[in-house]
Amino acid sequence: MDYKKSKAPVNTVTRNIMDLCDTTGNIYESVAIISKRANQISTEIKQDLSKKLAEFASYNDSLEEVFENREQIEISRYYEKLPKPTLLATQEFIEGDVVWRDLNKDAQNEEENAPA
């Protein structure tokens, strides 16, 4: 996913927490969902960055090569300018792009709908 095209803000934004409660009805559940998604996004970004930087890995690092690798610097700058994973996850949650299940509620529904 191209996180640069996301509508998430780059800087911290003050939000009305009641807006986060609208979807789940519980602020703590909303925060838990957002935090799990932020961890997923963070992992994806880290894997992407590692793959791109692995191309530049060399086993004979000389001092001259470290300072002259402009492509590696540009890749690092690109990832530094991305919005933080928590902001990306919050934006996805607000837009309704995050899908989650509550296993406790699923189990209750199955018990209620089970034939007697």
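Preceding this paragraph is the structure being described.
Residues numbered from 1 in each chain as written. Predicted model: local features only at pLDDT ≥ 70, side-chain atom pairs only at ≥ 80, totals over all residues. Heavy atoms only, no water.

**Topic: the nonpolar core**
So, point 1. Residues Ile34, Ile41, Ile45, Tyr79, Leu88, Ala89 and Phe93 are the most contacted members of the largest nonpolar core, which totals 15 residues.
So, point 2. Only α2 (27–54), α4 (70–81) and α5 (85–95) provide two or more residues apiece to this core.
So, point 3. Broken down by element, the residue count for this core peaks at five residues, all from α2.
So, point 4. Leaving out residues up to four positions away in the same chain, Tyr79 has contacts with Ile45, Asp48, Leu49 and Lys52. (Core = buried A, V, L, I, M, F, W, Y, C linked by side-chain atoms within 4.5 Å. Buried < 20%, exposed > 50% of the residue type's maximum accessible area, 1.4 Å probe, protein only. Helix = DSSP H or I, 4+ residues; strand = E, 2+ residues; numbered from the N terminus. Contact = heavy atoms within 4.5 Å.)

**Quick look at α5**
Because an α-helix completes one turn every 3.6 residues, residues spaced three or four positions apart along the sequence face the same direction.
So, point 1. Those residues of α5 lying buried are Leu87, Leu88, Ala89, Thr90, Gln91, Glu92 and Phe93.
So, point 2. Contacts from the buried residues of α5 go to α1 (17–24) and α2.
So, point 3. Backbone geometry just downstream of α5 places Gly96 in the positive-phi region, at approximately 85 degrees.

**A closer look at the pattern of salt bridges**
So, point 1. Tallying each qualifying case throughout the model produces three salt bridges.
So, point 2. The partner of Arg37 in a salt bridge is Glu44, and the shortest N-O contact between them spans 3.7 Å.
So, point 3. Connected through shared salt-bridge partners, Arg37, Glu44 and Glu92 make up one network. (Salt bridge = Lys/Arg side-chain N within 4 Å of Asp/Glu carboxyl O.)

**As for the side chain of Thr90**
So, point 1. Assignment of secondary structure puts Thr90 in helix α5.
So, point 2. Its relative accessible area of 10% is what places Thr90 among the buried residues.
So, point 3. Here the side chain of Thr90 touches Thr86 through a polar contact of 2.7 Å, landing on its backbone oxygen. (Polar contact = N/O pair within 3.5 Å; in protein donor to acceptor, adjacent residues only side chain to side chain.)

**Observations concerning the environment of Glu29**
So, point 1. With respect to the helices and strands, Glu29 occurs in helix α2.
So, point 2. Residues Glu29 and Asp102 lie 73 residues apart in sequence; the distance between their C-alpha atoms is 9.5 Å.
So, point 3. Excluding residues within four positions of it along the chain, Glu29 makes contact with Thr24, Trp100, Asp102 and Lys105.

**Observations regarding the environment of Thr43**
So, point 1. Take Thr43: it is sitting in helix α2.
So, point 2. Expressed as a C-alpha distance, the spacing of Thr43 and Pro85, which sit 42 residues apart in the sequence, is 9.3 Å.

**Let's talk about the packing of α2 against α5**
So, point 1. In the contact formed by α2 and α5, the axes pass within 8 Å of each other and the chain directions differ by 125 degrees. With respect to their mutual orientation, α2 and α5 come out oblique. For the element pair α2 and α5, the recorded crossing hand is right-handed. Contact residues: α2 offers Ser30, Ile33, Ile34, Arg37, Ala38, Ile41, Ser42 and Ile45, while α5 offers Pro85, Thr86, Leu88, Ala89, Thr90, Glu92 and Phe93.
So, point 2. Each residue belonging to the contact of α2 with α5 can be placed in one class, and the counts come to nine nonpolar, four polar and two charged. (Axes fitted to C-alpha atoms, helices over the stretch in contact; angles between N-to-C directions. Parallel < 35°, antiparallel > 145°, perpendicular 65-115°, else oblique. Left-handed = near helix turned anticlockwise from the far one by under 90°. Nonpolar A, V, L, I, M, F, W, Y, C, P; charged D, E, K, R; others polar.)

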